[in-house]
Every structure is written in structure tokens, then in C-alpha cells.
Amino acid sequence: MSTWLRLLNSWKLQTRFTLLNHINCIRYSSRISDELLDKARSIVGDNNFTISEAARLLHGRDESYHVPLPPDLILFPTSTKQVSEIAKLCTIHKIPMIPFGTGTGLEGGVGATRGGVTLNMTRMDQILEVSTDDLFATVRPGVTRSRLNNHIRDTGMWFPIDPGADASLCGMVVTSASGTNAVRYGTMKENVINMEVVLANGDVINTSGTDCRAKKSSAGYNLTGLFVGCEGTLGIMTAATLRLYGIPESVSSAVCSFPSVYDAISTATMVIQAGIPVARLEFLDDVMMSACNKYSGLSYDETASLFLEFHGSSNSVEEQAELAKEIAKDNNSGEFQWTTDPEERSRLWKARHDALYASKALLPGCEVYITDVCVPMSNLPDVIVKSKQAISESGCIAPIVGHVGDGNFHCCFLLKPGDNEELKKVREIAMWMGRLAISARGTCTGEHGVGRGKIQLVQEQYGEDGISLMRNIKFALDPDNIMNPGKVITL
Ligand SMILES: Cc1cc2c(cc1C)N(C[C@H](O)[C@H](O)[C@H](O)COP(=O)(O)OP(=O)(O)OC[C@H]1O[C@@H](n3cnc4c(N)ncnc43)[C@H](O)[C@@H]1O)c1[nH]c(=O)[nH]c(=O)c1N2
Ligand SMILES: CCCCC(=O)C(=O)O
Ligand SMILES: [Mn+2]
């Protein structure tokens, strides 16, 4: 390229950036006045406030393929009172509020669709209470899953819900997350006892009643259920009380390969039907096994496989593994390798939790468009096989992994950045998969939530009456549509 051309290109780029900055400034100044900035700063203090370009970019994105949408301003509240004051301020000025946990979401939930204020919750990071007698922990939104588990390890308790990423526990509550241990311990839905929530108007409520820590309750409407999975569109969670469990005395893990998807899933179904209290029951297809072998230096068979884990007494985990082995054998399995060795087990689960990064490594520099559907177990093998057929016909690379004990799986479509044709094609397949799951009596998302990516599919899943009820609920709690707007449902 000639020097002149290079200079011209660099000038064009500069002008574009200057223009973009200019537009951002106009956008920013038209929405957030100096007066509002001063008030926000006085609520949280100078050190908990930023409008830097870098911070705005960072807060507009999560770990998904969605285009980043930066907010105008980022606040780091340190107390519920501050969150409430920010909410009141935003209500007066009709400014969007977007809560930010750890940004590990997979549906673009933290993007500021209309600009506004992001509330980064990481500085509210206290573990408020741990009760080993009553099996609960109360945490502020800055506490992550592994921080809680490190903190309580010596008590013999743990919080088992494990999405792989070290997400904030409150982020996990509001996305209704689950992951590998849900088949035994349930999802976040089954593991929240109470929540403190700041509403759009600044009111602070406790969803099970002030200070309630009872294991069950039939008092009134299920407000906890309403806020679990709301993705910040109904309120900002400032504390969560979660169920704890005893750390199992013994753990065994197993790997087993199969000649077909049907054999693998039929084993999974029969393990559950046999009443084996399996703790993890994960499926990886041939492409994902190959990706994980390469990425994690393993040498497993590169065919449809199951990773399993059993929790209990040492006799019980041995018995469970042996029973599962028999079932696998009846379904044409290859060798069923199981172990209680902690190092081997953690190598296996690290490889499983790195599945997303192993997929990415198949095409260096790529982005990943992740699907997440969930269907009743009896429909699962057909839905997986049809999805694999669609992937193969499209020419895309898309390893599959799933929490099949719950009927839940993901395809990781690898995308070359900037290839809009491919993105369009993948989006079509992903939408088709969502519809396939709904028609197979399932749901368009088992655990990643709706965010910006699945609003249309949720509409189709619920139909007009269901969506209209959701809109009424949203309107009752957030009449100005300033709580994380543009997510979950459109108004
Ligand atoms: C490698 C890898 C692997 C997985 C996953 C991610 C990654 C990167 N995930 C997805 C992810 O970990 C999950 O969605 C988390 O629950 C998100 O928690 P964050 O704290 O990161 O929320 P993040 O900051 O990403 O926000 C997510 C949404 O919640 C809202 N929010 C966050 N904190 C809030 C608060 N205090 N109050 C109100 N709203 C709030 C945000 O506004 C946004 O809409 C996942 N998930 C899963 O279920 N199963 C899995 O297997 C996996 N696996
Ligand atoms: C690789 C799929 C996306 C992350 C996830 O949900 C999981 O690993 O289970
Ligand atoms: Mn998952």
C-alpha cells in the first residue's frame, strides 16, 4: 500500500473515532446532565464513579457474541441505601439502570440498549451470614460462587450450583443459572430462600418477608420466584439467601464413550430412571470431545460421550458408578472409566468447564454464538440429532455440550468476526433450534436466560396472553421502563 493511501486510511480512521467520540458526547450529554452526574457522584463518592471510555466499553459487554452497548456512566455502590438513592435519582430523571455482576452472562444482558447508568455491584461484597444449623448463607451481590465456597469450606458445607464461570451469586439468581450440578441439587430457582431487592422507585423489599429464613413457605404470592430469572428488569438484587448442603464424604467421576448420540442419551435417561442420585450427567458430542482433547491435553475417544459424577459415602459412590457402568454397557458403551482420585477428577471437570474455550480454540480469533435449549428427556436425542444434521448441512463448526440429565444442551457455533453472512445463517439455525425445542415441549433457554438474544422466542413460547401478563407485571414494577430496558420482553 502506498504511503499516501496509508495516510489517507489513518486519517479516515481518526476522523471516524473523533466523530464517534463526538456522537458519544452528544448522546451522553443529552441524557445525563451535569447536575445528575454531580448528584450520582455525591451518592457513591468520587472513588465509586467513572465515565471513562475504557470502563464504559468493559461494562457494555458480557461473554457472548452480542455487540457491546456501553452505558454512559458507571457507579460502584457500596450499600443498599446507595442503590436505593440511585434508583430514586434515575426514576426522577427517567434514566435506564443496568445492574452488572461479573459480566459472564451469555445473552448480552448487561448491554445498555438505551445508554444510562450501570451499577457495578462488585463492591457490595460481604458474606453477611452463614448458618450451618439452618443450612443457608446470605450474601451481597459482589460475592462470587467460589468466594462463598472458599469461605465456608471448613464448615463442611458448600453451595453446589456451578455454571462453570465464577459468576456472582446474585447474577446467577437473576439469570436462573444452573450448570453441571443441577441434576442433583436443582437450579437457582430451587435454591433461593430470600432476596433483598431495590425496586425502580427506590423501595427495598425482601421477597419472602423481612428476615425469613424458613426452608419453605406458603405465605402469599411467590415473590422470590418472580425475581429469580428477571435479569435485572424488575429490580436490583442487593442480597440473596441461598441454601447450603453438606460436602459429600466421597465423590467418584466417570467417563464413557458411545457409538451414537442415542446410546449416550438413553444411558443418561436410564441412570435417572434407575434412581441413581447422579450429581453430574454431562454429554459431549464427537466434535466437542475432539476440541476438549486438544485444548486440555486429554486422549478420550472422540465420539458421543458422557461425563458423570456421583456424591455420597465411599460405598455409595462405588455402587452408583458400578450401576451406571452396567447401564452404559447395555447401551453399547466403550470402556467406562471411573475414579475417586481428586486430581483425575478435577482434570476431567476442568476440561468440561473449559468446553467454551476449547470450542473457541478450534478456530483462533473466532467468536462463539451459543445456543441453549432444554426439552423433556424423551425428546432429547431427536432434538440433538436434528440439530447436528442442521449444523452439518450448514457447513458450520458447532461443538455440542449439555447438561443432559436435565434435558439441556448447547451448540457453540464458531463465527469468523465480521462475517455477517455466516452470522445470519447461524442466527437462523439458532432460532430454528429454539422453535424445535418449544415444539418438542421444551423451552428456548434452559439456563442462559433471554437477554437481548431470545426475546422473540420467549414471545413464541408463551403466546400473546402470557407475554401480556409479563408486560403488566413489568409495568406495575417499572412503569417508566428504566430497569435494564430491552431485555427479556419488549413493551
Ligand atoms: C465459560 C462459561 C460457562 C458458563 C457460563 C458463562 C461462561 C463465561 N454461564 C453463564 C453465566 O455464568 C451466568 O449467566 C451467570 O449467572 C451470570 O452472572 P454474572 O454475575 O456474570 O452476571 P452478569 O453481570 O453477566 O449479568 C447477567 C444479567 O443479570 C443482571 N444482573 C447481574 N447482577 C444483578 C443484580 N445484582 N441485580 C439485578 N440484576 C443483575 C444483569 O443486568 C444481566 O442482565 C453459564 N450459565 C449457566 O446457567 N450454566 C452454565 O453451564 C454456564 N456456563
Ligand atoms: C459451552 C457452552 C456455554 C457454557 C455453558 O453453558 C456450559 O459449559 O455448560
Ligand atoms: Mn451450560
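Here the residue numbers are simple positions, counted from 1 along each chain's written sequence. Ligands are numbered from 1 and chains lettered from A, in the order in which they are written. Per-residue local features are limited, in this predicted model, to residues with pLDDT of at least 70; the limit for side-chain atom pairs, both in listing and counting, is 80 or more; totals at the level of whole chains, interfaces and linings are taken over all residues. To obtain the side-chain values, all non-hydrogen atoms of the structure were included, while hydrogens and water were left out.

By the criteria applied, helices consist of DSSP H or I runs no shorter than four residues and strands consist of E runs no shorter than two, each listed in order from the N terminus. When helices and strands are tallied, the chain shows 16 helices and 19 strands. For the chain, the C-alpha atoms occupy an extent of roughly 70 × 70 × 45 Å along the three principal directions. Buried residues in the chain amount to 53% of all 491 residues. In this description, contact between two residues means that some pair of their heavy atoms is separated by no more than 4.5 Å. A separation threshold of at least 6 residues defines the contact pool for the chain, and within that pool the share at least 24 residues apart is 71%. Using a 1.4 Å probe, accessible areas were evaluated by the Shrake-Rupley method; residue-level cover was limited to the displayed protein chains. When the accessible surface of the chain is totalled, it reaches about 21800 Å², and 53% of it is carbon and sulfur. Across the chain, the centroid of the 46 positively charged side chains sits 7 Å from that of the 55 negatively charged ones. Classification of residues uses two cut-offs on accessible area relative to the type maximum, computed with a 1.4 Å probe and protein chains only: under 20% is buried, over 50% is exposed, and between them is partly exposed. When charges are counted, Lys and Arg contribute as positive and Asp and Glu as negative, whereas His and the chain ends are disregarded. All charge positions are set by atom: Lys at NZ, Arg at CZ, Asp at CG, Glu at CD.

By domain assignment, the chain separates into domain 1 (3-120), domain 2 (127-246) and domain 3 (250-356). Contact residues are listed per partner, giving 12 residues for domain 1 and 16 residues for domain 2. Across the domain 1/domain 2 interface, buried area totals approximately 1000 Å², and carbon plus sulfur atoms make up 71% of it. A pair is scored as a salt bridge if a Lys or Arg side-chain nitrogen falls within 4 Å of a carboxyl oxygen belonging to Asp or Glu. Put simply, domain 1 and domain 2 have zero salt bridges between them. N or O atoms within 3.5 Å of each other form a polar contact, as long as, within protein, one can give a hydrogen and the other can take it, and as long as residues adjacent in sequence are counted only when both atoms are side-chain atoms. Taken together, the connections running from domain 1 to domain 2 amount to five residue pairs in polar contact (both at pLDDT 80 or more). Looking at the side of domain 1 that touches domain 2, the elements that each hand over two or more residues are α4 (80-93) and β3 (97-100). Of the residues forming the side of domain 1 that touches domain 2, the biggest block, six residues, is contributed by α4. We call Asp, Glu, Lys and Arg charged. Ala, Val, Leu, Ile, Met, Phe, Trp, Tyr, Cys and Pro are nonpolar, and the rest, Gly among them, are polar. Partitioning the side of domain 1 that touches domain 2 into residue classes produces five nonpolar, six polar and one charged. For the domain bounds, the source is a domain assignment made automatically or taken from a database. Computed with a 1.4 Å rolling probe, the buried area is the accessible surface lost when two parts are put together, summed over both parts.

This part takes up the site of ligand 2. Any residue with a heavy atom positioned within 4 Å of a molecule or strand is treated as near that molecule or strand. As a structural note, the neighbourhood of ligand 2 is formed by L106, R352, L356, I370, V401, H403, H410, C412, E447 and H448. Between ligand 2 and H410, the relevant distance is 2.9 Å, taken from an oxygen atom to a side-chain nitrogen or oxygen of the residue. In this structure, E447 approaches ligand 2 through a side-chain N or O atom, which is 3.3 Å from an oxygen atom. Taken by itself ligand 2 offers 280 Å² of open surface, and the protein chains cover 91% of this. Its residues placed into classes, the shell around ligand 2 shows five nonpolar, three polar and two charged.

Another point: the sheet that holds strand β1 (residues 49-50). Note on pairing: DSSP must find at least two bridges between two strands before they are called paired. An order of β1-β2-β4-β3 is seen for the four strands of this open sheet, with the pairing classed as mixed. A single partner strand is all that each edge strand has here, and the edge strands are β1 and β3. Note: β1 against strand β2 (residues 73-75), two bridges, orientation antiparallel. Counted as the bridge partner of F49 is L75 from β2. In this analysis an axis means a line fitted to C-alpha atoms, helices contributing only their contacting stretch, and an angle means the value between N-to-C directions, from 0 to 180 degrees. Each of β2, β3 and β4 (117-120) touches α4; the most contacted strand, β4, lies at about 170° to it.

Looking now at the packing of aromatic side chains. Each Phe, Tyr or Trp ring (for Trp, its six-membered ring) is paired with any other whose centre lies within 6.5 Å, and the angle between the two planes then decides the class: stacked below 30 degrees, edge-to-face above 60, tilted in between. Taken as a whole and judged by the stated rule, the model has five aromatic pairs. A centroid spacing of 3.9 Å and a plane angle of 15° characterise the contact between Y65 and Y369, whose relative ring orientation is stacked. Separated by 304 residues along the polypeptide, Y65 in the loop between α3 (53-59) and β2 and Y369 in strand β16 (residues 367-370) bring together distant segments of the chain. With relative accessibility at 12%, the residue Y65 sits in the buried group. Ring geometry for W158 and Y185: centres 5.6 Å apart, planes at 85°, overall edge-to-face.

Attention now moves to the confidence of the model for the chain. Averaged over every residue, the pLDDT of the chain is 94; residues scoring 70 or more account for 94%. Of the regions scoring below 50 in pLDDT, residues 6-29 engages in 12 contacts with residues more than four places distant in sequence or in other chains. The complex model carries a pTM of 0.93, and its ipTM stands at 0.99. Known as pLDDT, the predictor's confidence for each residue is given on a scale from 0 to 100.

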